[in-house]
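Take a look at the letters that make up each chain.
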Amino acid sequence: MEDVPDNAPEHCPGTKSEQAGKVSACQGCPNQKLCASGAAKAPDPAIAEIAVKLSTVKHKILVLSGKGGVGKSTFSAHLAHALASDTTKEVALLDVDICGPSIPRIMGLEGEQVHQSGSGWSPVYVEDNLAVMSIGFLLSSPDDAVIWRGPKKNGMIKQFLRDVDWGDLDYLIVDTPPGTSDEHLSIVQYLSSAGIDGAVIITTPQEVSLQDVRKEIRFCQKVKVPIIGVVENMSGFVCPKCKNTSEIFPPTSGGAERMCVDLDLPLLGQIPLDPRIGRSCDEGRSFFNEVPDSPATKVYHSIVQSVRDYCLNRATEEQSAT
Ligand code: ADP
């Protein structure tokens, strides 16, 4: 994995590269000597700092998807809402979807800003036990295009993990960008010592979405992030009036169900399309409160219970291993 410092020049080969400090892009870079000497190949000290910072966070969960628009942020937001509905639990949602941060809108926090305190950046609170941090809070307008190069994104992710005053948490949910990009590598690298409990992977039923999800699964296996399971979103449409079900996105290749059997992964649930989900997200409200008895809400709750059970089992396994 290439590592690129925050102040790197354009076309930086990365501090771990054999070319570090030796190519034309390195000319004039303040780190050139350090890189050329090989000393920069040492692990980023931020990894250990993040492990200390997050030692008071019991469970760290990544939410991943192969493609955009499949409902990943909606899922992350509602996983956070559902876990925080147990008021004895402290929950935080971190949005590192740096190029399209939609969490502020979904959580009803548009226009909010992050405050600086003595102990770091303070997240924004939706409930007493539900904190949110998003790149969106640092932009002057929600329409600001965030076109950042790798090093800057990397630095921002590092800051989110190391410099936010998360406090004691039961769950930290990280909403990642779609695909497998620099941001994923950064997150996995920075959380390598702090430990990731696992990832929930979101897909829709069509083969175009599943194709990219298989890449995401291979990525998790390669970087050794355990997969909690797969969620198939927009899986059929239940008419809110007549309750009939129709397939809007037909699972031509067997959908997530077949993929999970083939790859021996748990299918956590299949959430139907429900226009009320889109509406309540646009209005920044949890649809669990808006439509508590919808089929989608029921599936969501059962998925969240599986995630809770997974985390509990993992904690028990870890305890018995020590
Ligand atoms: P992603 O994070 O994968 O890019 P979003 O969570 O932003 O996707 O969701 C994309 C759009 O789909 C949003 O408008 C959201 O409200 C809507 N949406 C997500 N899941 C559902 C669903 N099950 N039924 C109806 N609309 C949904």
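Residues numbered from 1 in each chain as written. Predicted model: local features only at pLDDT ≥ 70, side-chain atom pairs only at ≥ 80, totals over all residues. Heavy atoms only, no water.

### Brief notes about unusual backbone geometry
At Lys224, a residue that is not glycine, the phi angle is positive and equals roughly 60°. Among the structural elements, Lys224 can be located in the loop between helix 7 (207–223) and strand 9 (227–238). Among the residues examined, Lys224 registers a relative accessible area of 72% and is labelled exposed. Positioned with a positive phi, Met234 is a non-glycine residue whose angle comes to about 60°. Locating Met234 in the fold gives a position in strand 9. (Helix = DSSP H or I, 4+ residues; strand = E, 2+ residues; numbered from the N terminus. Buried < 20%, exposed > 50% of the residue type's maximum accessible area, 1.4 Å probe, protein only.)

### Some details on the side chain of Asp44
Counting through the fold element by element, Asp44 comes out in the loop between helix 1 (32–37) and helix 2 (45–53). What makes Asp44 buried here is its relative accessible area of 12%. Polar contacts involving the side chain of Asp44 include one to the main-chain amide nitrogen of Ala46, which spans 2.8 Å. Separated by 3.3 Å, the side chains of Asp44 and Tyr190 make a polar contact. (Polar contact = N/O pair within 3.5 Å; in protein donor to acceptor, adjacent residues only side chain to side chain.)

### Examining the packing of helix 3 (residues 72–84) against helix 11 (residues 295–321)
How two helices pack is summed up by the angle between their axes together with the distance between the axes. Where helix 3 meets helix 11, the axes come as close as 10 Å, and the angle between the chain directions of the two elements is 70°. Considered as vectors, helix 3 and helix 11 are oriented roughly perpendicular to each other. Contacts between helix 3 and helix 11 pair Thr74, Phe75, His78, Leu79, Ala82 and Leu83 from the former with Tyr300, Ile303, Val304, Val307 and Arg308 from the latter. Looking at the contact of helix 3 with helix 11, its residues break down into eight nonpolar, two polar and one charged. (Axes fitted to C-alpha atoms, helices over the stretch in contact; angles between N-to-C directions. Parallel < 35°, antiparallel > 145°, perpendicular 65-115°, else oblique. Contact = heavy atoms within 4.5 Å. Nonpolar A, V, L, I, M, F, W, Y, C, P; charged D, E, K, R; others polar.)

### Topic: the domain arrangement of the protein
In many analyses, interface size is given as the accessible surface area lost on bringing the parts together. Its domain assignment divides the protein into domain 1 (1–42) and domain 2 (46–321). Between domain 1 and domain 2, the C-alpha centre-to-centre distance is 33 Å. (Domains from an automatic or database assignment.)

### Section: helix 3
Taking 1.5 Å per residue as the helical rise, helix 3 with its 13 residues ought to reach 18 Å, and the 18 Å between its terminal C-alpha atoms agrees with that figure. Burial analysis of helix 3 places 13 of its 13 residues in the buried class, the great majority of the element. (Expected span 1.5 Å × (residues − 1).)

### Digging into the packing of helix 6 (residues 182–190) against helix 7
Following both chains from N to C, one finds helix 6 and helix 7 inclined at 30°, their axes separated by 12 Å at the closest point. As far as their axial angle goes, helix 7 and helix 6 are roughly parallel. You can see that helix 6 and helix 7 cross each other, and the crossing is right-handed. Across from His184, Leu185 and Val188 in helix 6, the residues of helix 7 making contact are Glu216, Phe219 and Val223. Residues of the contact of helix 6 with helix 7, tallied by class, amount to four nonpolar, one polar and one charged. (Left-handed = near helix turned anticlockwise from the far one by under 90°.)

### With respect to the packing of aromatic side chains
According to the stated counting rule, one finds five aromatic pairs in the structure shown. Here the aromatic rings of Phe75 and Tyr300 are separated by 5.7 Å at their centres, their planes lie at 20°, and the arrangement is stacked. Here Phe75 is found in helix 3, whereas its partner Tyr300 is found in helix 11, with 225 residues between them in sequence. A relative accessible area of 1% places Tyr300 in the buried class. (Phe/Tyr/Trp six-rings, centres within 6.5 Å; stacked < 30°, edge-to-face > 60°.)

### Details of helix 7
Its 17 residues place the ends of helix 7 24 Å apart at the C-alpha level, agreeing with the 24 Å of an ideal helix rising 1.5 Å per residue. Inspection of helix 7 places Ser209, Leu210, Asp212, Val213, Glu216, Ile217, Phe219 and Cys220 among the buried residues, and these make up the whole buried set. Taken down its axis, helix 7 places every buried residue within 165° of arc, on the same side. Along helix 7, the residues that are exposed and aim more than 90 degrees away from the buried face are Val208, Arg218 and Lys222. Tucked into the core, helix 7 has its buried residues touching strand 1 (57–65), helix 6, strand 8 (198–203), strand 9 and helix 8 (255–263). Backbone geometry just after helix 7 places Lys224 at a positive phi near 60°. (Arc of directions from axis to C-beta.)

### Considering the site of the ligand
Neighbouring residues of the ligand: 16 residues in total, closest Gly69, Lys72, Ser73, Thr74 and Asp274. The contact in question runs from an oxygen atom of the ligand to an N or O atom on the side chain of Thr74, over 2.6 Å. Look at the ligand: alone it shows 570 Å² of surface, and the protein chains cover 79% of it. Those elements giving two or more residues to the shell around the ligand turn out to be helix 3, strand 9, strand 11 (267–273) and helix 9 (275–282). By residue class, the composition of the shell around the ligand is seven nonpolar, seven polar and two charged. (Near = heavy atom within 4 Å. Areas by Shrake-Rupley, 256 points an atom, 1.4 Å probe, with all protein chains shown as cover.)

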